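Examining the three-dimensional arrangement
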Amino acid sequence: IHLVGLDIPKRVYIVACGTSYHAGLVSKRLLEQIAHIPTEVHIASEFLYDQPLIGDKPLFIFISQSGETADSRGVLDKIKKQGYPTLAVTNVQGSTLYREADFKLLTHAGPEIAVASTKAYTAQIAVMALLAIHLANVQGLQSPVDMFRELRTISTAMEALIEKKALARQIAHEYLTGKHSCFFIGRLQDYAVCLEGALKLKEISYIQAEGYAGGELKHGPIALIEEGTPVFVLITDSRIAKNIRSNAEEVRSRGANTCIIAVEGLDHQGDAWVLPRVHPLLTPLVSVIPFQLIAYYA
Ligand code: BG6
């Protein structure tokens, strides 16, 4: 950890690509709800040509498994020239982002085995959770979560989920055999995880997959739902459990084949996969695993 001398920022700008961008979307909530720091998340290739107005005391956080992605490096270059502080969250010690950022955090996910990022995503979220706790502690804020205890519990839950290979294989077979397009729908954090689920599936199976906010589906894309369209529905937040179930009902009435993945306590009979309940802020660490495995078996 190299955070010595890091001032508490008034606003955080997360910059990343692909799966790392999706980890950024989850991290925004961690930084805002644990460290109370307003956070924006930007796609590096967009930021390069369209820099937003930068507020007072910003911190730029670059999330990148490799630490070498050209778009993220391009933004780092640009931001450094403007004199703003930068932090790299990367898996590769000695990578360009690692070397060139002012501050660095290593994700320690182990070497990359394939381009489709899985363990890097969860490690990035875990490290961002620890950063959020650090920034909360420095400000004397009480954390809403006993982070170290929770992360230990979650790692056990993740190990158990990874063993559910037969279930993932059966779901992939049942819902995706012969299919060319599908949807992943969720709300709030589940929406962020759905974006990652859809990216994983299209990246490795070449099945067209769209991640959508459950409430947005009716504003156009529902027209694409036809008889047998697979729709993966993620439900982990009690605040929106009813709403997303009614979104699932809407698509089912148009013929969709819905595969519901719900956290225990919010599950209904007939759901395809019931996830263990963990702290709501950290649920993406477990809820992404079924999607990763389903993509693998698809
Ligand atoms: C893409 C990969 O090219 O780069 C994605 O296909 C990855 O899997 C993205 O998430 C960003 O990579 P990195 O190394 O900056 O996290």
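Structure: above.
All values reported here derive from a predicted model rather than from experimental measurement.

Some details on the site of the ligand
By nearness alone, every residue bordering the ligand is listed as Cys17, Gly18, Thr19, Ser20, Ser64, Gln65, Ser66, Thr69, Val115 and Glu203. Taking Ser66, its side chain carries an N or O atom lying 2.6 Å from an oxygen atom of the ligand. With respect to the ligand, the side chain of Thr69 contributes an N or O atom lying 2.5 Å from an oxygen atom. Within the complex, 75% of the 390 Å² of free accessible area of the ligand lies under protein.

Looking at the layout of surface pockets
Space inside the largest pocket adds up to approximately 560 Å³. Surrounding the largest pocket, 22 residues form its lining, Ala116, Ser117, Thr118, Lys119 and Gln292 being those nearest its centre. Residue contributions to the lining of the largest pocket peak at 5 residues, all from helix H10 (residues 284-297). Of the residues belonging to the lining of the largest pocket, the class tally is 11 nonpolar, 7 polar and 4 charged.

Digging into the pattern of salt bridges
For the structure on display, the rule yields 11 salt bridges. One salt bridge in this structure joins Glu203 and Lys200, with 3.6 Å as the shortest N-O distance. Placement of both Glu203 and Lys200 in helix H8 (residues 189-205) is noted, with a separation of 3 residues, approximately one turn of the helix. With a closest N to O distance of 2.6 Å, Arg252 and Glu249 form a salt bridge. Of the two residues, Arg252 and Glu249 are both situated in helix H9 (residues 241-253); the distance of 3 residues between them amounts to about one turn of the helix. Judged by relative accessible area, Arg252 falls into the partly exposed class, the value being 37%. If you follow the salt bridges from partner to partner, you end up with Glu196, Lys200 and Glu203 in one network.

Notes on the environment of Ile204
On the secondary structure map, Ile204 appears in helix H8. Overall, Ile204 belongs to the partly exposed group, its relative accessible area being 38%.

A short note on the sheet that holds strand E10 (residues 273-275)
With respect to topology, 5 strands assemble into an open sheet ordered E7-E6-E8-E9-E10, the strand pairing being parallel. The outermost strands of the open sheet, each flanked by one partner alone, are strand E7 (208-213) and E10. Along the sheet, successive strands turn relative to each other by an average axial angle of 20°, direction set aside. Note that strand E6 (residues 181-186) and strand E8 (residues 230-235) share 3 bridges and pair parallel. Across the sheet, Ile185 pairs through a bridge with Val233, a residue of E8. Against the sheet, H10 contacts E6, E8, strand E9 (257-263) and E10, and its axis sits at roughly 150° relative to E10.

Some remarks on helix H1 (residues 18-34)
The first and last C-alpha atoms of H1 sit 25 Å apart over 17 residues, in line with the 24 Å expected at 1.5 Å per residue. In the structure, H1 departs most strongly from a straight axis at Val26, where the bend amounts to approximately 30°. Among the 17 residues that make up H1, 12 are buried, leaving the element largely enclosed by the rest of the structure. With its phi angle positive at about 60°, His36 sits one or two positions after the end of H1.

Focus: the pairing of strand E3 (residues 58-64)
Counting buried positions along E3 yields 7 of 7 residues, so the element is predominantly enclosed. Burial along E3 is two-sided: the face carrying Pro58, Phe60, Phe62 and Ser64 and the face carrying Leu59, Ile61 and Ile63 are both buried. Relative to E3, strand E1 (residues 11-16) runs parallel, the two sharing 6 bridges. Paired with Tyr13 across the bridge in E3 is Phe60. Relative to strand E4 (residues 86-90), E3 is paired through 5 bridges, and the arrangement is parallel. Bridge assignment links Ile61 to a residue of E4, and that residue is Leu87. Once you follow E3 into helix H3 (residues 70-81) and on to E4, the crossover reads as right-handed.

Details of the packing of aromatic side chains
Inspection of every chain in the model, using the stated rule, returns 9 aromatic pairs. A centroid spacing of 4.9 Å and a plane angle of 15° characterise the contact between Tyr13 and Phe60, whose relative ring orientation is stacked. Here Tyr13, found in strand E1, pairs with Phe60, found in strand E3; they are 47 residues apart in sequence, far enough to count as distant. The structure contains a cluster of three or more aromatic residues connected by ring pairs, namely Tyr13, Phe47, Phe60 and Tyr84. In this arrangement the basic side chain of Lys104 is found over the ring face of Tyr98, its NZ or CZ atom lying 5.2 Å from the centre.

So, how was this worked out
- Residues numbered from 1 in each chain as written.
- Predicted model: local features only at pLDDT ≥ 70, side-chain atom pairs only at ≥ 80, totals over all residues.
- Heavy atoms only, no water.
- Near = heavy atom within 4 Å.
- Polar contact = N/O pair within 3.5 Å; in protein donor to acceptor, adjacent residues only side chain to side chain.
- Areas by Shrake-Rupley, 256 points an atom, 1.4 Å probe, with all protein chains shown as cover.
- 1 Å grid on protein atoms, 1.4 Å probe; cavity = no way out; pocket = protein on both sides within 12 Å on 5 of 7 lines; lining within 4 Å.
- Points joined across faces, edges and corners; volume = space filled by probe spheres on them.
- Helix = DSSP H or I, 4+ residues; strand = E, 2+ residues; numbered from the N terminus.
- Nonpolar A, V, L, I, M, F, W, Y, C, P; charged D, E, K, R; others polar.
- Salt bridge = Lys/Arg side-chain N within 4 Å of Asp/Glu carboxyl O.
- Buried < 20%, exposed > 50% of the residue type's maximum accessible area, 1.4 Å probe, protein only.
- Pairing = 2+ DSSP bridges.
- Axes fitted to C-alpha atoms, helices over the stretch in contact; angles between N-to-C directions.
- Contact = heavy atoms within 4.5 Å.
- Expected span 1.5 Å × (residues − 1).
- Bend = angle between axes of the 7 residues up to and from the residue.
- Right-handed = clockwise from strand over helix to strand, strands pointing away.
- Phe/Tyr/Trp six-rings, centres within 6.5 Å; stacked < 30°, edge-to-face > 60°.
- Lys NZ or Arg CZ within 6 Å of the ring centre and 35° of its normal.

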